[in-house]
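Okay, here's what each chain looks like letter by letter:
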Amino acid sequence: DGGITQSPKYLFRKEGQNVTLSCEQNLNHDAMYWYRQDPGQGLRLIYYSQIVNDFQKGDIAEGYSVSREKKESFPLTVTSAQKNPTAFYLCASREAQGARTDTQYFGPGTRLTVL
Amino acid sequence: GQSLEQPSEVTAVEGAIVQINCTYQTSGFYGLSWYQQHDGGAPTFLSYNGLDGLEETGRFSSFLSRSDSYGYLLLQELQMKDSASYFCAVRDQDNYGQNFVFGPGTRLSVLP
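Calculation criteria
- Residues numbered from 1 in each chain as written.
- Chains lettered and ligands numbered in written order.
- Predicted model: local features only at pLDDT ≥ 70, side-chain atom pairs only at ≥ 80, totals over all residues.
- Heavy atoms only, no water.
- 1 Å grid on protein atoms, 1.4 Å probe; cavity = no way out; pocket = protein on both sides within 12 Å on 5 of 7 lines; lining within 4 Å.
- Points joined across faces, edges and corners; volume = space filled by probe spheres on them.
- Helix = DSSP H or I, 4+ residues; strand = E, 2+ residues; numbered from the N terminus.
- Nonpolar A, V, L, I, M, F, W, Y, C, P; charged D, E, K, R; others polar.
- Disulfide = S-S within 2.5 Å.
- Buried < 20%, exposed > 50% of the residue type's maximum accessible area, 1.4 Å probe, protein only.
- Contact = heavy atoms within 4.5 Å.
- Buried area = accessible area lost by both parts, 1.4 Å probe.
- Salt bridge = Lys/Arg side-chain N within 4 Å of Asp/Glu carboxyl O.
- Polar contact = N/O pair within 3.5 Å; in protein donor to acceptor, adjacent residues only side chain to side chain.
- Pairing = 2+ DSSP bridges.
- Axes fitted to C-alpha atoms, helices over the stretch in contact; angles between N-to-C directions.

J.: Quick rundown of the layout of surface pockets? Include the residues and the values.
T.: There is about 410 Å³ of room inside the largest pocket. If you trace the largest pocket, you find 22 residues lining it, with A:Gln37, A:Asp38, A:Pro39, A:Gly40 and A:Gln41 closest to the centre. Of all the secondary-structure elements, those providing two or more residues to the lining of the largest pocket are strand E9 (87-94) and strand E11 (110-114) of chain A together with strand E9 (84-92) and strand E11 (106-111) of chain B. Partitioning the lining of the largest pocket into residue classes produces six nonpolar, 12 polar and four charged. Considering only enclosed or pocket space, the second largest pocket measures out at about 200 Å³ in volume. Along the walls of the second largest pocket sit 15 residues, with A:Gly42, A:Leu43, A:Arg44, B:Phe102 and B:Gly103 positioned nearest its centre. Every element with two or more residues in the lining of the second largest pocket is listed here: strand E5 (43-51) of chain A together with strand E1 (3-5) and strand E10 (99-102) of chain B. For the lining of the second largest pocket, the class distribution of residues is seven nonpolar, five polar and three charged.

What follows is the structure, given as structure tokens:
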């Protein structure tokens, strides 16, 4: 079955540590996105990538980094520079090239808690 | 900057019809999307409007008026499983047309 997977589902981090969240898709989509969601809030764009080896900052990129070495994979690193990293992180993908809609497909999310 | 506004909460009974409004202010505009998110889950796509008018998908319909910067999601024959948060989202011209901005969400409670 095609879809997006994220791991781990829950992640606990000590202050000062970097952590990497995994996102993999087998939908053959060109574009991938990382969002952050805080309790009771909407989604905010952290980073996005339209093609391999290229990515752009979203609205809240400070304290985060990404890579796009393969079309299927778009890992997100939450660095120690991120002041308040506790949140629900969602990865999404979109067909992009030739797409007639803006449909994004989301992974199940990773809930990060800083201890 | 970009901003979207939605009502924070809506309550309705099973079998009823409910409308969730969304107004937006963005720098350029490509389309309005709607997503459903159950507690603890991931958002799932419901509907998209790239042009003015009504789009119908089963019990869900969505409407867009570009001149009014306004859209709505219409849910008919409400079921208990429709209790969730609903987000509108727009794609605007920032970041090479890849900037997606989500509204704050509307929490729908369906009562028996």
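J.: Account for the state of the cysteines, with residues named and values stated.
T.: Taken as a whole and judged by the stated rule, the model has two disulfides over all chains. Disulfide partner of A:Cys23: A:Cys91, at an S-S distance of 1.9 Å. Between A:Cys23 and A:Cys91 the disulfide shows an S-S torsion of about -75°. By sign, it is left-handed. Taken together, the positions of A:Cys23 in strand E3 (residues 19-25) and A:Cys91 in strand E9 put the pair 68 residues apart, joining distant regions of the chain. The exposure class assigned to A:Cys23 is buried, which follows from its relative accessible area of 1%. With relative accessibility at 0%, the residue A:Cys91 sits in the buried group. Covalently, B:Cys22 is tied to B:Cys88 through a disulfide, its sulfur atoms 2.1 Å apart.

J.: Account for the interface of chain B and chain A, naming residues and giving values.
T.: Taken together, the contact between chain B and chain A spans 20 residues of the former and 27 residues of the latter. Of all residues in chain B, B:Gln98, B:Phe100 and B:Phe102 give up the largest surface area on contact with chain A, accounting jointly for 33% of the area buried on that side. Viewed at the interface, chain A and chain B are joined by one salt bridge. A salt bridge links B:Arg91 to A:Asp102; its shortest N-O distance comes to 2.8 Å. At the boundary of chain B and chain A, one finds three residue pairs in polar contact (both at pLDDT 80 or more).

J.: Can you explain the side chain of A:Asp30? Please cite residues and give values.
T.: Looking at the element boundaries, A:Asp30 is found in the loop between E3 and strand E4 (31-37). The exposure class of A:Asp30 is buried, given its relative accessible area of 18%.

J.: Give me the sheet that holds strand E6 (residues 53-57) of chain B: which residues, what numbers.
T.: All names here are of chain B. With respect to topology, five strands assemble into an open sheet ordered E1-E3-E8-E7-E6, the strand pairing being antiparallel. Bordering the open sheet on either side are E1 and E6, each of which pairs with just one other strand. Averaged over all adjacent pairs, the angle separating strand axes in this sheet is 20°, with direction ignored. The sheet contact formed by strand E3 (residues 18-25) and strand E8 (residues 70-75) spans six bridges and is antiparallel. Paired with Asn21 across the bridge in E8 is Tyr72.

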